[in-house]
Protein chains: 2
Amino acid sequence: MSSDETDGGREGSIAHRVPDLGALELLLAVARLGSLGGAARELGITQPAASSRIRSMERQLGVALVDRSPRGSRLTDAGALVTDWARRVVEAAAAFDAGAQALRHRRDSRLRVAASMTIAEYLLPGWLLALRSQRPDTAVSLLAGNSTTVAEQLLSDEADLGFVEGLSVPPGLDSTVIAHDHLIVVTAPTHPWARRRRPVPATELASTPLILREKGSGTRQVLDAALGGLARPLIELSSTTAVKASAVSGAGPAVLSELAVGEELSTRRLVRIPVEGLTLARDLRAVWPTGHRPTGPARELLSLTRG
Amino acid sequence: MSSDETDGGREGSIAHRVPDLGALELLLAVARLGSLGGAARELGITQPAASSRIRSMERQLGVALVDRSPRGSRLTDAGALVTDWARRVVEAAAAFDAGAQALRHRRDSRLRVAASMTIAEYLLPGWLLALRSQRPDTAVSLLAGNSTTVAEQLLSDEADLGFVEGLSVPPGLDSTVIAHDHLIVVTAPTHPWARRRRPVPATELASTPLILREKGSGTRQVLDAALGGLARPLIELSSTTAVKASAVSGAGPAVLSELAVGEELSTRRLVRIPVEGLTLARDLRAVWPTGHRPTGPARELLSLTRG
DNA sequence: CAGAGACATAAACTGGATTTATGAGCAGTG
DNA sequence: CACTGCTCATAAATCCAGTTTATGTCTCTG
């Protein structure tokens, strides 16, 4: 009779243990406004609804989150911490929303973006959020693909602005570098390489079977070029996620964009392995049809992606 | 009559535009297992429930997410992208859950952790997740405070392991450095400093009014020490979040831990300002009462926090 | 051609969140 | 000192979304 859960230890889904997004958003509003009623008003619900939602969230978490008083509500210490954690969930949800909005092509879209997968996955939602906060009325549509399809979209005027991550710029396009990406070698913390003191020499990397993206992917191209076409696959997988999962499970060393593994590194599910004598850098570029300099919303978005 | 929403342009809450956590989790399971029914089984619901949930998510987003066939379901291209974004939301929710679980003190906790705010906010949830995946049965309780309260908790045997981020180790405690943190100067992209080409000299930083945490906070101590006690507050705020919000709104330059602003930097809500002639580094340390080397679960957690 | 697996559809059920309506505590004001 | 305005709490009725149960359709396989 530890508490109330009768799950009997089955892990179950986290959705049952985490308040829903509406509740988290409400908590943020309460934190910001210092009032349940005010927060309710902002979210377009009634005050009793807000009151009961916060209360059931407190019941669910087993912690008092707000100090209610007749002249307002303030977060408890635990509430402040929970709110900070909640903010991260809500921000991830906002990025999801920005991306999802762009995915459904609408004819009235003012800005049609084509992006390669890594950029669409990790960077674009953030840019779209920033764009939305500057120009709330700009409807954006997104087409994700590889460098080739991005080029096709641009040249056939099905997209206004593109983003690619390859080594070279597809012909017929102008480009500007917007950021740099580094490929890094990672392993599970249990892998022998994770205990090495010295960097792994490039030659050893080239002779070690690695978990890799499939041949032809942007990631693979960069690695093959840096190693001189020598990369040895232990497994070839068709998505970044699959590569990560495989590396986390300890199958071997993987080569991935640092964009893809931020979370895993900070939670120690993966460890970065220094490599000597090898620079696995690539440029992230914005591209557009030669001559057609981005204007209007495209220029706006472009300016968000650079310093 | 753009589509179906009758909100008339009011921003509304994102919770109505983003599928709930259960649906996102279900989508991840479908992606992993390649089957609606299989995913349903894993989450402990029936197949029709899963089918209808995915369908309503597709309706909500206006995009087909899975290709159903009589021999399984595979993600569409858009579905793969959405799934990647969903994964980030679910991971944030899992971190929330790990933190929240630890917040309700349970008497049967095997491991009692005391941590200063920045660490509790940004790093601990990840560590707890990792710990949970290694030792699912370790019940952890968390007490958040400043360096002083962490020391008190440890010395009065109300905590087994502590984490602090100050410049010095409180007396009576042994410690080990687990990571390094850098304070950085940030402004809104609209701030004049964001357009400078050259780094800001330390002397100019010292003479410029800054948005700062209150005197006595770990962040402030480091800055004052580095500048020789000269930091000039433009405003003093009592939470990292408040400082960030103030900086984002363009009030002025702020000094914050780089842990706190990762999201804001990548979405360009804030811009990092290089500073010359000043190192704003601090160590993050695990601490324990002198002599009482961490053992058992505490040792386990400690080993997760280091390379 | 039968069996297994995977998804779709329809109808009834269930529970939790919301609204409406009302009460009560605390502060500032004339 | 009572009035006004803010806050939050409580109770009862309502409503909707997700779920289950039961069944049908399709495809591949042996």
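In this text, all values refer to a predicted model and were calculated from it rather than measured experimentally.

Rules used throughout
Every chain begins its residue count from 1, and numbering advances along the sequence as written. Whichever chain is written first becomes A and whichever ligand is written first becomes 1, with later ones labelled in order. The predicted origin of the model limits local features to residues at a pLDDT of at least 70 and limits the giving and counting of side-chain atom pairs to 80 or more, whereas totals for whole chains, interfaces and linings rest on all residues. Hydrogens and water are ignored here; the side-chain numbers use all heavy atoms of the structure. Think of it this way: one heavy atom of a residue within 4 Å of a molecule or strand is enough to make that residue near it. In protein, a polar contact means a hydrogen-donor-capable atom and an acceptor-capable atom, both N or O and within 3.5 Å, with residues adjacent in sequence counting only if both atoms are side-chain atoms; elsewhere, any N or O pair within 3.5 Å suffices. Runs of H or I in DSSP of at least four residues are treated as helices and runs of E of at least two as strands, each being numbered from the N terminus. Just to be clear on terms, a salt bridge is a Lys or Arg side-chain nitrogen sitting within 4 Å of an Asp or Glu carboxyl oxygen. Three labels apply to residues, based on accessible area from a 1.4 Å probe with only protein chains included: buried if under 20% of the type maximum, exposed if over 50%, partly exposed otherwise in between. Least-squares superposition of the copies uses the C-alpha atoms of those residues scoring a pLDDT of at least 70 in each of them. The contact definition used throughout considers only heavy atoms, calling two residues in contact when any of these lie within 4.5 Å. UniProt positions are given in the numbering used here, feature names are shortened, and annotations may be inferred rather than shown by experiment. Note on definitions: angles span 0 to 180 degrees between N-to-C directions of axes, and those axes are lines fitted to C-alpha atoms, for helices only across the stretch in contact. Note that the term roughly parallel is reserved for angles under 35 degrees, roughly antiparallel for angles over 145, roughly perpendicular for angles of 65 to 115, and oblique for everything else. Less than a right angle of anticlockwise turn of the near helix away from the far helix marks a crossing as left-handed, whereas a clockwise turn marks it as right-handed. DSSP-based pairing: two strands are paired if at least 2 bridges between them are found. A residue's pLDDT is the predictor's confidence in that residue, given on a scale from 0 to 100. Two parts placed together each lose some accessible area under a 1.4 Å probe, and the buried area is that loss summed for both. Any residue that is not Ala, Val, Leu, Ile, Met, Phe, Trp, Tyr, Cys, Pro, Asp, Glu, Lys or Arg is counted as polar, Gly included; the first ten are nonpolar and the last four charged.

Digging into the protein's contact with DNA strand D
Stage number 1. Not every one of the 21 residues close to DNA strand D is listed here, only the nearest: Leu36(A), Ser51(A), Arg55(A), Ser73(A) and Thr46(B).
Stage number 2. In the interface set of DNA strand D, defined as its atoms within 4 Å of the protein, sugar plus phosphate atoms amount to 68%.
Stage number 3. Ser73(A) is positioned with one of its side-chain polar atoms (N or O) 2.7 Å from a phosphate oxygen of DNA strand D.
Stage number 4. Among the secondary structure elements, those contributing two or more residues to the surface near DNA strand D are α2 (36–43), α3 (47–61), β1 (66–69) and β2 (72–75) of chain A together with α3 (47–61) of chain B.

So, the pattern of salt bridges
Stage number 1. Taken as a whole and assessed by the stated rule, the structure comprises 40 salt bridges over all chains.
Stage number 2. Residues Asp97(A) and Arg132(A) are paired through a salt bridge, measuring 3.2 Å at the closest nitrogen-oxygen approach. You can see Asp97(A) sitting in helix α4 (residues 77–103) and its partner Arg132(A) sitting in helix α6 (residues 124–134), a full 35 residues away along the chain.
Stage number 3. The exposure class of Asp97(A) is buried, given its relative accessible area of 2%.
Stage number 4. The salt bridge involving Glu91(B) is made with Arg269(A); its shortest N-O contact spans 3.9 Å.

Notes on the relation of the copies chain B and chain A
Between the two copies of the chain lies a relationship made up of a rotation around an axis and a movement along it.
Stage number 1. Expressed as a screw transformation, the operator carrying chain B onto chain A has a rotation angle of 180 degrees and an axial translation of 0.0 Å, and the superposed copies differ by an RMSD of 0.1 Å. Taken together, the rotation and translation describe the operation of a two-fold axis. Nearest to the rotation axis, the C-alpha of Val89(B) is located 2.9 Å from it, this being the minimum over chain B.
Stage number 2. Here 100% of the contact residues of chain B are again contact residues in chain A; the copies associate through an equivalent surface.

A word on the UniProt feature "domain: HTH lysR-type" (unreviewed entry) in chain A
Stage number 1. Those residues carrying the UniProt feature "domain: HTH lysR-type" (unreviewed entry) are residues 19–76 of chain A in this numbering.
Stage number 2. In this annotation, residues 19–76 of chain A is assigned 62% helix and 14% strand; the end-to-end C-alpha distance for the span is 18 Å.

Overview of the packing of helix α1 (residues 21–33) of chain A against α4(A)
Think of two packed helices as two axes; the pair is described by the angle between the axes and how far apart they sit.
All names here are of chain A.
Stage number 1. At a minimum axis separation of 9 Å, α1 and α4 run at an interaxial angle of 125 degrees. It follows from the interaxial angle that α1 and α4 lie oblique. Considering how the two elements wind past one another, α1 and α4 form a crossing that is left-handed. Residue-level inspection shows Leu-21, Leu-24, Glu-25, Leu-27, Leu-28 and Ala-31 of α1 in contact with α4, the latter providing Val-82, Thr-83, Ala-86, Arg-87, Val-89, Val-90 and Ala-93.

Things to note about the pairing of strand β6 (residues 173–187) of chain B
Residues and elements named next belong to chain B.
Stage number 1. Examined bridge by bridge, β6 and strand β13 (residues 281–289) share 9 bridges and lie antiparallel to one another. When the sheet's bridge partners are listed, Thr-176 is paired in β13 with Ala-286.
Stage number 2. Where β6 and strand β10 (residues 254–257) come together, 4 bridges link them in antiparallel fashion. Residue pairing in the sheet places Val-185 in a bridge with Val-255 of β10.
Stage number 3. In this structure, β6 lies alongside strand β11 (residues 271–273), joined through 3 bridges in antiparallel fashion. Bridge pairing in β11 links Thr-187 to Val-271.

Considering the confidence of the model for chain A
Stage number 1. With 96% of its residues at a pLDDT of 70 or more, chain A shows a mean pLDDT of 89.
Stage number 2. Below pLDDT 50 for its whole length, residues 1–10 of chain A participates in 1 contact with residues either more than four positions away or in separate chains.

So, the interface of chain B and chain A
Frequently, the measure chosen for interface size is the accessible area that the parts lose on association.
Stage number 1. Listed per partner, the contact involves 60 residues of chain B and 60 residues of chain A.
Stage number 2. Summing the contributions of chain B and of chain A, the shared interface buries around 5300 Å²; its carbon and sulfur component is 65%.
Stage number 3. Among the residues chain B hides against chain A, the three largest losses belong to Trp85(B), Phe96(B) and Arg268(B). Together they make up 15% of the total.
Stage number 4. Linking chain B to chain A there are 4 salt bridges.
Stage number 5. Here chain B is connected to chain A by 14 residue pairs in polar contact (both at pLDDT 80 or more).
Stage number 6. Where the side of chain B that touches chain A is concerned, the elements lending two or more residues are α1 (21–33), α3, α4 (77–103), α5 (117–122), α6 (124–134), β4 (140–145), α11 (262–266) and α12 (296–305) of chain B.
Stage number 7. With 20 residues, α4(B) is the single largest residue contributor to the side of chain B that touches chain A.
Stage number 8. In the side of chain B that touches chain A, the residues fall into 31 nonpolar, 13 polar and 16 charged.

Re the protein's contact with DNA strand C
Stage number 1. Residues in contact with DNA strand C amount to 22 residues; listed here are only the nearest, Arg53(A), Gly37(B), Ser51(B), Arg55(B) and Ser73(B).
Stage number 2. Close to the protein, within 4 Å, the atoms of DNA strand C belong to sugar or phosphate groups at a rate of 66%.
Stage number 3. At a separation of 3.0 Å, a phosphate oxygen of DNA strand C approaches a polar side-chain atom of Arg68(B).
Stage number 4. The contact in question runs from a phosphate oxygen of DNA strand C to an N or O atom on the side chain of Ser73(B), over 2.6 Å.
Stage number 5. At the level of secondary structure, the elements contributing two or more residues to the surface near DNA strand C comprise α3 of chain A together with α2 (36–43), α3, β1 (66–69) and β2 (72–75) of chain B.
Stage number 6. Here the surface near DNA strand C is composed, by residue class, of 7 nonpolar, 9 polar and 6 charged.

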